[in-house]
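Secondary and tertiary structure notes
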Amino acid sequence: MPLDITAVRRDAPATLTNAYLNAGTNGPLSRYAAEAIAGANESQLSEGRIGPGIYERSLAISTELRSAFARLLGGGDDEIALTHHTTDGMNIAVWGQKYQPGDEIVTTSLEHPGGLVPVLVAAKRFGVTVRVVPVEITDDGPTTAAKVIAAITPRTRLVAVSHVSWKSGVLLPLTEIAERVHAVGGLLAVDGAQSAGAIAIDVRALDVDYYAIPGQKWLCGPDGVGALYVRRERILDTQQTFAGGPALRDGNAWDMAGNYLPGTTARRFEVATVYKPALAGMLASLHWLEGLGYAVIYERIQALTAHCRETLAAIPGVTVYTPATQAGLTSFNIEGVEPVQASARLGEMGVLIRSVSNPDLLRASTSFYNDESDIERLQRGIEVVIGEQ
Ligand SMILES: Cc1ncc(COP(=O)(O)O)c(C=O)c1O
């Protein structure tokens, strides 16, 4: 059944006033998330944060949230750690390897700092060589994957790449990269910030080892909640950088002689107390999306993105850079206009997109709550910007 887009937009009210074309930075918060957060805050205030049943209730929310993320990604509940954001997950994966001096990490020139900086910092500390694969903004998925595969050597311990680039929007085919890096004994860590909620993800079919995602972008959740998938076989041999109670098999699995039993699920990468209303909000958003149906959501995103791309490409003076192998992001430029200025001017007209730098581009995100009228507003806004030159 197609989405009832009027109801969808009522449930993500920030989409009612603006042409909300920036899920890539922050999606609109869903009404359900906001209500769950408000409800959880109210009960913390009036009931308190301890007392009969309260701990059990919050445990149930975390458990169900791991399950909901597992369903989204195609992994098992035991393979999901709750994190605060994508960057948390990438740090866990990157710092979790046993590096020897001379080992290599392969990444690309199109990575976001959230995935790239952990690699640079860990490499410096461990004496690891970083091989940054130069990728053109217009390189399609297979071309990009071929470049990554060519950079893998017997010294490659980790490939750290985005499933969808935040700059070019290219969708990277991952399975051949996984096959090649596994063949040399290395692992694949994927930054899923621009894919989770935008395209179907099946971590098993993709054969990845780590997959880090945020809640606040395409999944319309609150700030401060994300997830990391850790392949079951990697849970015990991934080194811990931060550790706390959840790292143990159970709360008593340690002794004063320094022995402890490690946890056997990805929960071992969670550390301690978190902001529980945000977990309730995230879960409410995921239940909303599941109710709408992920398949319908992804199909609509594909159709709207194709429409956005065609509309932009038809405007004289606009160049689209994103290759056709894309998810929900489209990067483009307006001839003779600085992207930062264009984005600010469009924002004044209620058209929310963003600019990225190096190379300097504009980037539109088309998600399931958008419709043709949003893309038309983008088109008209760009024509105004061009007319003002
Ligand atoms: C590809 C990519 N990775 C990582 C991030 C950082 O996200 P987070 O704040 O969830 O760590 C972003 C944010 O825009 C992104 O686009």
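Residues numbered from 1 in each chain as written. Predicted model: local features only at pLDDT ≥ 70, side-chain atom pairs only at ≥ 80, totals over all residues.

Attention now moves to helix H8 (residues 175–183). Those residues of H8 lying buried are Ile177, Arg180 and Val181. All buried residues of H8 fall inside an arc of 95° around its axis, so they share one side. In H8, the exposed positions that point more than 90 degrees away from the buried face belong to Glu179 and Ala183. Buried-residue contacts for H8 involve helix H7 (141–151), strand S5 (156–162) and strand S6 (187–191). Phi for Gly185, located one or two positions after H8, is positive at around 85°. (Buried ≥ 20, exposed ≤ 12 C-beta atoms within 10 Å, placed from the backbone. Helix = DSSP H or I, 4+ residues; strand = E, 2+ residues; numbered from the N terminus. Arc of directions from axis to C-beta. Contact = placed C-beta atoms within 7 Å.)

Below, the discussion takes up the sheet that holds strand S13 (residues 361–365). Think of a sheet as strands paired side by side through backbone hydrogen bonds, with each pair either parallel or antiparallel. In spatial order, the strands read S9-S10-S13-S12; together these four strands make up an open sheet with antiparallel pairing. Lying at the two open borders of the sheet, with one neighbouring strand each, are strand S9 (318–320) and strand S12 (354–356). Each strand axis lies, on average, 40° off the axis of its neighbour in the sheet, ignoring direction. Of the strand pairs in this sheet, strand S10 (residues 329–334) and S13 are connected by four bridges, and their pairing is antiparallel. The partner of Ser331 across the bridge, within S13, is Arg363. (Pairing = 2+ DSSP bridges. Axes fitted to C-alpha atoms, helices over the stretch in contact; angles between N-to-C directions.)

We now examine helix H13 (residues 372–387). Taking 1.5 Å of rise per residue, 16 residues should cover 22 Å, and H13 covers 22 Å from first to last C-alpha, within 8% of that figure. Within the span of H13, buried status applies to Asp374, Ile375, Leu378, Gly381, Ile382 and Val385. Seen end-on, H13 carries its buried residues on one side only, within an arc spanning 120°. Away from its buried face by more than 90 degrees, H13 exposes Glu372, Ser373 and Gly387. (Expected span 1.5 Å × (residues − 1).)

This part is about the site of the ligand. Near the ligand you find 14 residues, and of these His85, His112, Gly114, Trp166 and Pro214 are the closest. Contributions of two or more residues to the shell around the ligand are made by helix H5 (86–95) and helix H6 (113–126). Taken together, the residues that form the shell around the ligand break down as three nonpolar, 10 polar and one charged. (Near = placed C-beta within 6 Å. Nonpolar A, V, L, I, M, F, W, Y, C, P; charged D, E, K, R; others polar.)

What follows deals with unusual backbone geometry. Following Asn358, the chain continues into Pro359 via a peptide bond in cis, with omega recorded as 0°. As for its position among the elements, Pro359 is in the loop between S12 and S13. Phi at Asp207 is positive, roughly 65°, even though this residue is not glycine. Considering the arrangement of structural elements, one finds Asp207 in the loop between helix H9 (203–206) and strand S7 (210–214). Despite not being glycine, Asn358 has its phi angle at roughly 55°, a positive value.

All right, on to the nonpolar core then. Ala189, Tyr210 and Leu228 are the most contacted members of the largest nonpolar core, which totals 104 residues. Per element, the largest residue contribution to this core is eight residues, and it comes from helix H10 (residues 276–292). Mapping this core onto the domain boundaries places at least three of its residues in each of domain 1 (38–290) and domain 2 (293–387). Not counting chain neighbours up to four residues away, the residues in contact with Ala189 comprise Met90, Ala93, Val94, Leu158, Ala160, Asp209 and Tyr210. (Core = buried A, V, L, I, M, F, W, Y, C linked by C-beta atoms within 7 Å. Domains from an automatic or database assignment.)

With five of five residues buried, S6 is to be regarded as a mostly interior element. Neither face of S6 is exposed, since Leu187, Ala189 and Asp191 on one face and Leu188 and Val190 on the opposite face are all buried. Viewed along the sheet, the connection from S5 through H8 into S6 turns out right-handed. Across three bridges, the pairing between S6 and S7 is parallel. Across the sheet, the residue bridging to Val190 is Tyr211, located in S7. (Right-handed = clockwise from strand over helix to strand, strands pointing away.)

The next point concerns the sheet that holds S7. Strands sit in the order S2-S8-S7-S6-S5-S3-S4 across an open sheet of seven strands; the sheet is mixed. The open sheet has two edge strands, strand S2 (80–83) and strand S4 (129–133), and neither has a second partner. Across this sheet, the average inter-strand angle for adjacent strands is 20°, counted without regard to direction. Where strand S3 (residues 104–108) and S4 come together, five bridges link them in parallel fashion. The partner of Thr108 across the bridge, within S4, is Val133. On top of the sheet, H5 reaches S2, S5, S6, S7 and strand S8 (226–230); it is set at about 160° to S7, its chief contact. Contacts from H8 reach S5 and S6 within the one sheet, and its direction differs from that of S6 by about 145°.

What follows is about the domain arrangement of the chain. Annotation of the chain at the domain level lists domain 1 (38–290) and domain 2 (293–387). Taken over C-alpha atoms, the centre of domain 1 sits 28 Å from the centre of domain 2. Facing the 19 residues of domain 1 at the interface are 19 residues of domain 2. Considered class by class, the residues forming the side of domain 1 that touches domain 2 number nine nonpolar, six polar and four charged.

Our next topic: the packing of H5 against H6. Contact geometry of H5 with H6 gives a least axis separation of 8 Å together with a crossing angle of 30°. Overall, the two elements H5 and H6 adopt an arrangement that is roughly parallel. Where H5 crosses over H6, the two elements pack in a sense that is right-handed. Residue-level contacts link Thr86, Thr87, Met90, Asn91, Val94 and Trp95 of H5 to Gly114, Gly115, Pro118, Val119 and Ala122 of H6. (Parallel < 35°, antiparallel > 145°, perpendicular 65-115°, else oblique. Left-handed = near helix turned anticlockwise from the far one by under 90°.)

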